[in-house]
Amino acid sequence: MEINNKTDFYAWADKFINKQLSTQEEFEFESFCENNPEYKVLFQEHLSVIQDLKAWERRKKFQANLKEVSNTKDSKVRSFKVFRGKLQEYITANIAVAATIAIVSVFSTLWISGYYSNLKKTNSDYSALRREMNSVKRNVNAQNAVIKNIRNVEKEADQQYGATGFVISSKGYVITNYHVISGADSIYLQNNEGESFKSEVIYKDELKDLAVLHVLDTLFSTPKEIPYTFKTSDTDLGEQLYTLGFPRDEAVYGQGYLSSSTGYGGDTVSYQISIPVNPGNSGGPVLDKNGNLIGIISGKQTGIDGAAFAIKTKTLLEMLEQAEDPSLIESVHHNNKNLLSHLSRTDQVKELAKFVYLVKVF
């Protein structure tokens, strides 16, 4: 190829770079550059410029593509956000509808089933028999002073509640209701002679409404044998019953009969008994005419005289089994000798009074 100037050489070089020459022509171009060093340098410079231009074109194209992708992504993101917003609105609306339907269904079912009337009845008709004691303080200050001076026990706080408990083991275990000791800071047991003994809760069962107390005072003592036995078989309707409790600061005797084999609302773990009881009788023992323990008083139905409820002895024994206290279980189970059956009712009550305590809760 005839080369008259640099322009002709650049045209020839472009054809070489763009593969527009035949094999013979490519050989001639390479030979020319080898034989003419100044043109070889021009070719290298021209090739570098061409490569830079191509690189710049690739960058521009890449940027254009990137912008296009970005615009597409933004569009999709905007579309997704719109979709998500509508979906959330839909879900929220449907959740609200579903929740409303569920709430209406539940409350309708409860209304139809009489739940609300039963709940109202439960709150208004059933009364636990723990009594407030702040207004019943006769001789309390003098009694506390005597206890402090003679026994050197800690000073008792102002009284809050009182109820009844009775001995179930000669090792110092006493049973009462859970609702009696619930929330207690300290608990004292007062016997029929006015002596008080500090005690602690060692086991409680809120569902069964029972609690086991243990006397901490070393001066506490009971006869080795508890006079009453624990009856686990069902008691017959109409059977004569009696109780001893503390609706006030001294023991009060009450008598009646078994009126139902189930408790309040058909509760199978309790009896209904026809015995006049008052606040303070909670936790008191219920015995049959032979001096067998058949239950523990837990409450009464307000507005109906003589409609009280007693937790069955069988329920008490089941709870003691769950307590897993070997000494407690053994002493209760071995108490199978009834020392009251041959006594008159008056003598039975006198003997029972030694084992029934006023529970004072602070």
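Provided above is the structure to which this section pertains.
Every value quoted in this text rests on a predicted model; they were computed, and no experiment measured them.

Cut-offs used in this document
- Residues numbered from 1 in each chain as written.
- Predicted model: local features only at pLDDT ≥ 70, side-chain atom pairs only at ≥ 80, totals over all residues.
- Heavy atoms only, no water.
- Helix = DSSP H or I, 4+ residues; strand = E, 2+ residues; numbered from the N terminus.
- Expected span 1.5 Å × (residues − 1).
- Buried < 20%, exposed > 50% of the residue type's maximum accessible area, 1.4 Å probe, protein only.
- Arc of directions from axis to C-beta.
- Salt bridge = Lys/Arg side-chain N within 4 Å of Asp/Glu carboxyl O.
- Phe/Tyr/Trp six-rings, centres within 6.5 Å; stacked < 30°, edge-to-face > 60°.
- Lys NZ or Arg CZ within 6 Å of the ring centre and 35° of its normal.
- Axes fitted to C-alpha atoms, helices over the stretch in contact; angles between N-to-C directions.
- Parallel < 35°, antiparallel > 145°, perpendicular 65-115°, else oblique.
- Left-handed = near helix turned anticlockwise from the far one by under 90°.
- Contact = heavy atoms within 4.5 Å.
- Nonpolar A, V, L, I, M, F, W, Y, C, P; charged D, E, K, R; others polar.
- Pairing = 2+ DSSP bridges.
- Polar contact = N/O pair within 3.5 Å; in protein donor to acceptor, adjacent residues only side chain to side chain.

Participant: Tell me about helix H1 (residues 6–17), and please be specific about residues and values.
Facilitator: Taking 1.5 Å as the rise per residue, H1 with twelve residues should run 16 Å; its terminal C-alpha atoms sit 16 Å apart, in good agreement. Along H1, the residues that are buried comprise Phe9, Trp12, Ala13, Phe16 and Ile17. Along the axis of H1, the buried positions cluster into a sector of 140°, meaning they face one direction only. The positive-phi residue at the C-terminal boundary of H1 is lysine 19, with phi of around 60°.

Participant: Outline the pattern of salt bridges, listing residues and values.
Facilitator: Applying the stated criterion across every chain, the model contains six salt bridges. In this structure, glutamate 250 and arginine 248 form a salt bridge, with 3.3 Å as the shortest nitrogen-oxygen distance. In this structure glutamate 250 comes out as partly exposed when scored by relative accessible area, which is 40%. With a shortest N-O distance of 3.4 Å, glutamate 351 and lysine 354 are connected by a salt bridge. Here lysine 354 falls in the partly exposed class, since its relative accessible area comes to 41%. Salt bridges sharing common partners tie together Lys231, Glu239 and Asp288.

Participant: Can you break down the packing of aromatic side chains residue by residue, with the values?
Facilitator: Evaluated as defined, the whole model comprises 20 aromatic pairs. On the basis of an interplanar angle of 40° and a centroid distance of 6.1 Å, the ring pair of phenylalanine 9 and phenylalanine 32 is categorised as tilted. Pair noted here: phenylalanine 9 is in helix H1 and phenylalanine 32 is in helix H2 (residues 23–35), with a separation of 23 residues, a long-range link. Relative to phenylalanine 43, the ring of phenylalanine 29 has its centre 5.1 Å away and its plane inclined at 70°; by these criteria the two rings are edge-to-face. In this pair, phenylalanine 29 sits in helix H2 while phenylalanine 43 sits in helix H3 (residues 37–113), placing the two residues 14 residues apart along the sequence. Take phenylalanine 29 and phenylalanine 43: they sit in the same class, and that class is buried. Linked through ring pairs, Phe9, Tyr10, Trp12, Phe16, Phe29, Phe32, Tyr39 and Phe43 together constitute an aromatic cluster. A cation over an aromatic ring shows up here: arginine 130 above the ring of tyrosine 161, its NZ or CZ 3.6 Å from the ring centre.

Participant: Before we move on, can you summarise the packing of H1 against H2 with the specific residues and values?
Facilitator: At a closest axis distance of 11 Å, the pairing of H1 and H2 adopts a crossing angle of 130°. Put simply, H1 runs oblique to H2. Pair H1 / H2 crosses with left-handed handedness. Contacts from Phe9, Trp12, Ala13 and Phe16 of H1 reach H2 at Glu25, Glu26, Glu28, Phe29, Glu30, Phe32 and Cys33. Across the contact of H1 with H2, the residue classes tally to seven nonpolar, no polar and four charged.

Participant: Any chance you could break down the pairing of strand S3 (residues 161–169) for me, citing the residues and the numbers?
Facilitator: Counting buried positions along S3 gives eight out of nine residues, so the element sits mostly inside the fold. Pairing of strand S2 (residues 131–132) with S3 involves two bridges; the strand directions are antiparallel. Residue pairing across strands places arginine 131 opposite glycine 162, the latter belonging to S3. With six bridges joining them, S3 and strand S15 (residues 356–361) adopt antiparallel strand pairing.

Participant: Please give an account of the side chain of histidine 179 that cites residues and values.
Facilitator: Examined against the element boundaries, histidine 179 turns out to sit in helix H6 (residues 178–181). For histidine 179, the side chain forms a polar contact with the side chain of serine 282, separated by 2.8 Å. Sequence-distant contacts of histidine 179, that is, excluding residues within four places in its chain, are made with Ala128, Leu129, Arg130, Asp209, Ser282 and Ser298.

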